[in-house]
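The primary structure of each chain is shown beneath.
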Amino acid sequence: MNKRTQVAKYVMADLFASATAWTLFYLFRKVYMEPAKFQYKVPVEFDANYWWGLVLVPVFWTGLYLVIGGYADVYRRFRIKELGQTLLISLIGSLVIFFVLLLDDTVANYRYYYRSFLVLFGLNFAFTFLLRYIITSRTVKRVHGRQIGFNTLLVGGNERAVAIHQEIEGMPKSPGNRFVGFVSVNGGDQQLSATGLKRLGKWHDLRPLIAEHAVEEAIIAVESGEHADISRIVNELEGTQVRIKIIPDMYDILSGSVKMTSIFGAPLIEVNPQIMPAWQFALKRAFDVSFSLLALVVLAVPMAIIALLVKFSSPGPVFFRQERIGLGGRPFRIIKFRSMVADAERHGPQLSSTSDPRITPIGKFLRRARLDELPQFWNVLKGEMSMVGPRPERQHFIDEIMKEAPHYRHLHKVRPGITSWGQVKFGYAENVEQMLRRLKYDILYIENMSLAVDLKILAYTALIVLKGDGK
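This structure is a prediction, so every number in the text was calculated from the model and none was measured.

(A) The pattern of salt bridges, seen in detail. Tallied over the entire structure, the rule returns 13 salt bridges. Here D454 and K284 are joined by a salt bridge, their closest N and O atoms 2.5 Å apart. Of this pair, D454 sits in helix α16 (residues 451-467) while K284 sits in helix α9 (residues 278-298); the two residues are 170 residues apart in sequence, bridging distant segments of the chain. A residue is classified by how much of its surface remains accessible, and D454, at 7% relative accessible area, is buried. The partner of E393 in a salt bridge is R438, and the shortest N-O contact between them spans 2.4 Å. Here E393 is found in the loop between β9 (386-388) and α13 (395-404), whereas its partner R438 is found in helix α15 (residues 432-447), with 45 residues between them in sequence. Taken together, the shared-partner salt bridges connect K3, R76, E216, E217 and K245 into one network.

Structure (structure tokens):
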């Protein structure tokens, strides 16, 4: 199973489909549109416009598919999804090409604009969907025939685990699960051993087992009412890129928690498979880069003034740099205007408070107006942070928080932000207890993440900055 080869198939199919559609659309214009405009037959010649289009238009289409997630999970695609995604991308792409390249054309009458757009859309959709349908159908057939599978680990070995294992293994058309073994949760749940499935260890061995067996899916087979066990297991799986599924009970089904993605699959709850659609992530990143560049240019003079105030108000550097933990648990160095005296943590990591004597007079103002955060636009440009996201913490305090709330690692699913829902609600945390209170809002943000929520948080942050009532 070579994912790169599969991705290459989709890319080549999209390039060929868009090149073919462009060629036929060019011929349509020469044979139908231009004779209607000029009132005489126009010779068909492939001029420079055609050749430039033949190069740039397919690149545009593949770029659009890349942004919207058309090359993600290439072995988990299905035909209905392919139809909907191709329709959407064909519509968006055709609108862009029409307004950028075709709207200023001189035509016989306005109806030719509609015909031009419909032909452009129809050709791109027809050829792209046809080729993608063929590739996806062959892949689905191989998955159903157990030629392609996803290494799957069962968490739990009780009767429910035995039942789901037998159900999936007994399906005439496989959903793609290739079981590599199971791990026990309470030590006594080992009924799966009787089916021949290998016991690989206990649930707290999950992370090394996932790496060792290249696990892609984990099915949690404990009672859905045992929230403590489910929570611990999900936290252990967090950050492993493994798809997490839970066997539901009748309450889960009646409450609408179970969403079927395949007629032939087992009814399972999939735990947050996608925070936001790929196109929203791409748009969020584009917004981050654009806004940060604009902010660094527009605020260059005010930032220079702040830098001078910091420099001359107290001894020490202008900027404060500190290691924080970001996306995927990777460390990076955050940058701020210094708001405390130099060497403020010579006795070890400490959180600040409203009356902290280490805060300088200018630093107190900068913190209330959030102006000390302005240099973080550079972290955003570098891709280490986002405009909106959970505030990044130091490893020392993460270790303290994890003792009380192991689900903190959920925050590492996304880039940390200059501002956040928790920051708007509570401001700077003065102790671990306040960090835990803020954590609830950061988790809620991730579970409800969208561009609309980002804009609301940015609006409230702007009000705090204008009023200067930040904590």
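(B) A look at unusual backbone geometry. With a phi angle near 50°, D73 is a residue other than glycine that sits in the positive phi range. Mapped onto the fold, D73 is located in the loop between α2 (48-68) and α3 (79-102). Although it is not a glycine, A214 sits at a positive phi angle of roughly 50°. Looking at the element boundaries, A214 is found in the loop between α6 (206-213) and β4 (217-220).

(C) Region of the structure containing α15. Spanning 16 residues, α15 covers 22 Å between terminal C-alpha atoms, matching the ideal 22 Å at 1.5 Å per step. Along α15, the residues classified as buried are Q434, M435, R438, L439, Y441, D442, I443, Y445 and I446. The inward-facing, buried residues of α15 abut α9, β9, α13, α14 (421-426) and α16.

Procedures and definitions
Residues numbered from 1 in each chain as written. Predicted model: local features only at pLDDT ≥ 70, side-chain atom pairs only at ≥ 80, totals over all residues. Heavy atoms only, no water. Salt bridge = Lys/Arg side-chain N within 4 Å of Asp/Glu carboxyl O. Helix = DSSP H or I, 4+ residues; strand = E, 2+ residues; numbered from the N terminus. Buried < 20%, exposed > 50% of the residue type's maximum accessible area, 1.4 Å probe, protein only. Expected span 1.5 Å × (residues − 1). Contact = heavy atoms within 4.5 Å.

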